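Reading the structure
Listed below, chain by chain, are the residues.
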There are 2 protein chains.
Amino acid sequence: MRLSIAGAGAVGRSVAQLAGDYGHTVTAIADSRSAAIDPDGLDTDAVLERKDSEGVVGTADPEDALTAEYDVLVEATPTTLGDAQPGFGYLERALQRDRHVVLANKGPVAERYGEVMALAEDSAGEIRFEATVGGAIPVLSTIEDYGPATITAARGVLNGTANFILSRMAAEGLQYEHVLAEAQDLGVAEADPSFDVEGTDAALKCVILANVLAEDDREYTLEDATVEGIDAIPPSALELAREDGRTIRLIGEVAGGEIRVGPRLVPEHSDLAVTGTTNIVRLETEHAGRLNLSGRGAGGPETATAILADAGRLSRLDP
Amino acid sequence: MRLSIAGAGAVGRSVAQLAGDYGHTVTAIADSRSAAIDPDGLDTDAVLERKDSEGVVGTADPEDALTAEYDVLVEATPTTLGDAQPGFGYLERALQRDRHVVLANKGPVAERYGEVMALAEDSAGEIRFEATVGGAIPVLSTIEDYGPATITAARGVLNGTANFILSRMAAEGLQYEHVLAEAQDLGVAEADPSFDVEGTDAALKCVILANVLAEDDREYTLEDATVEGIDAIPPSALELAREDGRTIRLIGEVAGGEIRVGPRLVPEHSDLAVTGTTNIVRLETEHAGRLNLSGRGAGGPETATAILADAGRLSRLDP
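Per an unreviewed UniProt entry, the recorded name for chain A is homoserine dehydrogenase, and the organism is Halapricum desulfuricans. Within the UniProt record for chain A, the comment given under Sequence similarities (unreviewed entry) is "Belongs to the homoserine dehydrogenase family."

**Quick word on the environment of Leu66 of chain A**
Residues and elements named next belong to chain A. Looking at where Leu66 falls in the secondary structure, it is placed in helix α3 (residues 64-67). Of the residues examined, Leu66 reaches a relative accessible area of 7% and is grouped as buried. Distance from Leu66 to Ile29, taken between C-alpha atoms, is 9.3 Å for residues 37 residues apart in sequence. Contacts of Leu66, omitting those with residues within four sequence positions, involve Leu73, Tyr90, Arg93 and Arg97.

**Some thoughts on the confidence of the model for chain A**
Here chain A averages 95 in pLDDT, while 99% of its residues score no lower than 70. Confidence estimates for the predicted assembly give a pTM of 0.93 and an ipTM of 0.90.

**Observations concerning the relation of the copies chain A and chain B**
Take chain A, turn it by 180°, move it 0.0 Å along the axis, and it overlays chain B with an RMSD of 0.0 Å. Expressed as a symmetry operation, the mapping of one chain copy onto the other fits a two-fold axis. Relative to the rotation axis, the closest C-alpha in chain A is found at Leu293 of chain A, a distance of 2.4 Å.

**Observations regarding the interface of chain A and chain B**
Listed as interface residues are 32 residues of chain A and, on the opposing side, 32 residues of chain B. Both faces considered, chain A and chain B share a buried interface measuring about 2,800 Å² in area, 53% of it formed by carbon and sulfur atoms. By the criterion of area lost to chain B, the three top residues of chain A are Asp145, Tyr146 and His287 of chain A, representing 24% of everything that side buries. Counting across the interface, chain A meets chain B through six salt bridges. Among the salt bridges present, the one from Asp145 of chain B reaches Arg313 of chain A, with a minimum N-O distance of 3.0 Å. Where chain A meets chain B, there are nine residue pairs in polar contact (both at pLDDT 80 or more). For the side of chain A that touches chain B, the secondary structure elements donating two or more residues are α7 (139-146), β12 (289-296) and α13 (300-317) of chain A. Of the residues that constitute the side of chain A that touches chain B, the class distribution is 13 nonpolar, ten polar and nine charged. Relative to strand β12 (residues 289-296) of chain B, β12 of chain A runs antiparallel, the two being bridged by three bridges. When the bridges of β12 of chain B are listed, Asn292 of chain A appears paired with Ser294 of chain B.

**A short note on the sheet that holds strand β6 (residues 127-128) of chain B**
All names here are of chain B. In spatial order, the strands read β3-β2-β1-β4-β5-β6; together these six strands make up an open sheet with mixed pairing. Two strands lie at the open edges of the sheet, namely β3 (35-37) and β6, each paired on one side alone. As paired strands, strand β5 (residues 100-103) and β6 are joined by two bridges and run parallel to one another. Counted as the bridge partner of Val102 is Arg128 from β6. Against the sheet, helix α1 (residues 10-18) makes contact with β1 (2-6), β2 (25-30) and β4 (72-75), and its axis sits at roughly 160° relative to β1, the strand it touches most. In the packing of helix α4 (residues 87-96) onto the sheet, contacts are made with β1, β4, β5 and β6, and the angle to β4 comes to roughly 175°.

**Brief notes about the pattern of salt bridges**
Residue and element names in this part refer to chain A. According to the stated counting rule, one finds 52 salt bridges over all chains in the structure shown. Taking the shortest distance from any N to any O, the salt bridge between Arg2 and Asp71 comes out at 2.9 Å. Residue Arg2 is found in strand β1 (residues 2-6), and its partner Asp71 is found in the loop between α3 and β4 (72-75); the two are separated by 69 residues along the sequence. On the accessibility criterion, Arg2 (29% relative accessible area) is partly exposed.

**Description of the pairing of β5 of chain B**
Residues and elements named next belong to chain B. Along β5, one buried face is formed by His100 and Val102 and the opposite face, lined by Val101 and Leu103, is buried too. Pairing geometry for β4 and β5, over four bridges, is parallel. Bridge pairing in β5 places Val72 opposite His100. In this view, the connection linking β4 to its parallel neighbour β5 by way of α4 has right-handed handedness.

Parameters at a glance
- Throughout this description, residue numbers start from 1 for each chain and increase along the sequence as written.
- Lettering for chains starts from A, numbering for ligands starts from 1, and both go in the order in which the items are written.
- Only residues with pLDDT of at least 70 get local features here, since the model is predicted, and only at 80 or more are side-chain atom pairs given and counted; chain-wide, interface and lining totals rely on the full set of residues.
- Computation of side-chain values: all heavy atoms of the structure, hydrogens and water removed.
- UniProt positions are given in the numbering used here, feature names are shortened, and annotations may be inferred rather than shown by experiment.
- Where helices and strands are cited, they refer to DSSP runs of H or I of at least four residues and of E of at least two residues respectively, numbered from the N terminus.
- Between buried and exposed lies partly exposed: a residue is buried under 20% and exposed over 50% of the maximum accessible area for its type, with that area taken using a 1.4 Å probe on protein chains only.
- In what follows, residue pairs with any heavy atoms lying within 4.5 Å of each other are defined as contacts.
- pLDDT runs from 0 to 100 and stands for how confident the predictor is about each residue.
- Copies overlap after least-squares fitting; the atoms used are the C-alpha atoms of residues with pLDDT of at least 70 in both.
- Here the quantity called buried area is the accessible surface, traced with a 1.4 Å probe, that two parts lose on coming together, added over both.
- Every case where a carboxyl oxygen of Asp or Glu lies within 4 Å of a side-chain nitrogen of Lys or Arg is listed as a salt bridge.
- Pairs of N or O atoms are called polar contacts if they sit within 3.5 Å, as long as, within protein, a hydrogen donor faces a hydrogen acceptor (for residues adjacent in sequence, only side-chain-to-side-chain pairs).
- Amino acids outside the nonpolar list (Ala, Val, Leu, Ile, Met, Phe, Trp, Tyr, Cys, Pro) and the charged list (Asp, Glu, Lys, Arg) are all regarded as polar, and Gly is one of them.
- Being paired, for any two strands, means DSSP has found at least two bridges between them.
- Axis geometry follows a simple rule: fit a line to the C-alpha atoms, using only the stretch in contact for helices, then measure angles between N-to-C directions, giving values from 0 to 180 degrees.
- By convention a crossover is right-handed if, when the strands point away from the viewer, the path from the first strand over the helix to the second runs clockwise.

What follows is the structure in structure tokens.
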């Protein structure tokens with residue numbers, strides 16, 4: 001497939017780097033200020049070197065990436081809430097052109113799911129968004145294959161930053177602020193970590209899961225989630241938990257029409273007690289009991305893997 | 001899709017029971033002595049009641065299930081080795097009729113993989129076989145989506161019977177023979193358990209994984225696997241392991257072109273130290289680190305889930 005990549009951050013860059021390994025061609029890539037276009041396929045190494053040295057991918061208008069020749073728009077601009085713009089507008093234009101869309105941007109499917117699905121319905125193109133939930137972990141494709149109606153609940157650790165902090169606090173008995181600083185040094189937490197530590201990121205992923213599981217019955221947005229973060233957990237709480245053979249993790253849960261994110265006690269050696277930045281999603285199914293899927297929930301190459309898997313599925317649809 | 005089901009054991013029966021929930025119609029089902037056929041869709045409840053009370057599904061010739069009107073042949077006859085007959089013949093006829101095939105029977109893709117792929121290549125129909133490895137766990141579809149070339153190793157617990165026995169021995173300090181008898185009482189082990197406890201079942205699944213991962217580069221059969229079972233492990237070995245923070249599990253491994261099944265020491269709380277009849281497959285990927293997929297590896301409804309997921313994928317291919 002020919003890919004146009006909107007967004008040249010860690011994810012967009014990794015997609016550009018790996019697309020060739022998966023048999024795809026990058027015909028356009030845009031950052032916030034520029035675009036590089038080549039209907040015969042860009043020299044992605046050269047484009048990314050330019051981005052490194054000059055701060056821009058090319059000399060074209062970013063707009064040109066949307067009007068370029070492509071089969072799949074990879075929407076990897078930063079997640080925005082509410083109206084989910086400009087990402088929503090980009091995917092809208094692609095679908096109106098009967099092109100496919102692969103989303104890494106959570107905003108549109110967390111905040112305007114019904115509208116996105118309606119656009120896809122009216123389009124010859126399809127939309128896929130594996131990368132929006134659990135990074136490299138094949139959560140949404142598993143739900144799709146097994147049938148959303150047969151999945152009765154989804155529960156898991158969906159934010160690597162928060163999990164890293166809690167598992168380090170548990171392992172070392174350290175204060176939250178100390179481990180947060182460590183996480184920031186390692187690049188595991190952002191300078192402004194609130195999106196991760198307040199539970200918003202995990203909540204968006206749970207909202208997307210809830211939308212997928214509900215199919216057409218009901219639509220959810222971030223407002224439907226009950227969210228509590230990890231910034232008020234003292235080391236004593238973790239110590240108390242350990243004495244009882246438990247630990248604390250930031251758990252997201254979609255069950256019975258409710259969406260909840262918050263710190264939960266889990267058995268110390270539970271599958272849910274993943275360590276470091278690992279994510280895990282546990283699906284309860286109607287006929288096959290429990291399925292656990294765990295792996296890396298974030299990172300450029302990891303997220304690109306999910307995007308390119310979606311592109312592969314789209315390529316196998318086309319006659 | 002219209003399904004013709006070859007085999008009316010636990011798996012075939014479950015497919016017949018659940019097909020309707022997934023939007024499919026069963027137009028034929030055969031056991032070893034009979035068949036029931038209805039191009040407009042069988043009353044599967046009635047057919048299965050007949051099987052319960054009379055021991056046969058219908059009054060037609062089993063052969064008729066192969067010549068019936070159907071889109072997908074579900075091949076769920078017992079796994080056979082070597083020439084993999086009669087299962088191989090059934091799938092051959094379906095593909096020669098340009099029909100799709102969904103396999104639960106491991107024989108053809110473990111012992112005659114190249115021939116099966118060649119038949120599928122020449123057919124308008126496709127073949128899928130998720131149910132042959134890890135039951136309900138979406139192993140093969142995950143490998144397919146991420147690209148076999150990007151999976152560098154696969155390792156896991158692929159036989160529930162052997163795992164149940166070892167995890168019970170570890171938990172209770174009991175002798176192998178005692179726990180085997182318990183497993184047989186529970187229906188977790190067969191009267192003749194050799195296929196499971198000698199490692200053959202796990203080895204077949206690893207051979208299938210090796211074939212999928214190698215793509216066209218190399219073809220494997222059961223003879224290529226180095227296999228050791230669990231029947232010579234004394235409780236003292238598990239005790240010694242525990243003192244070192246480890247336990248023993250029957251681990252199958254596909255890596256570096258080699259296929260090995262045998263008892264291995266694993267850390268006590270490792271993801272691989274699953275308990276009971278749970279299965280787990282750990283995939284090492286080139287760009288996304290490690291993926292762990294665990295769940296129920298066997299059982300009628302569980303295996304049917306994988307078969308019906310494959311049928312769903314096939315239905316989404318058809319224009």
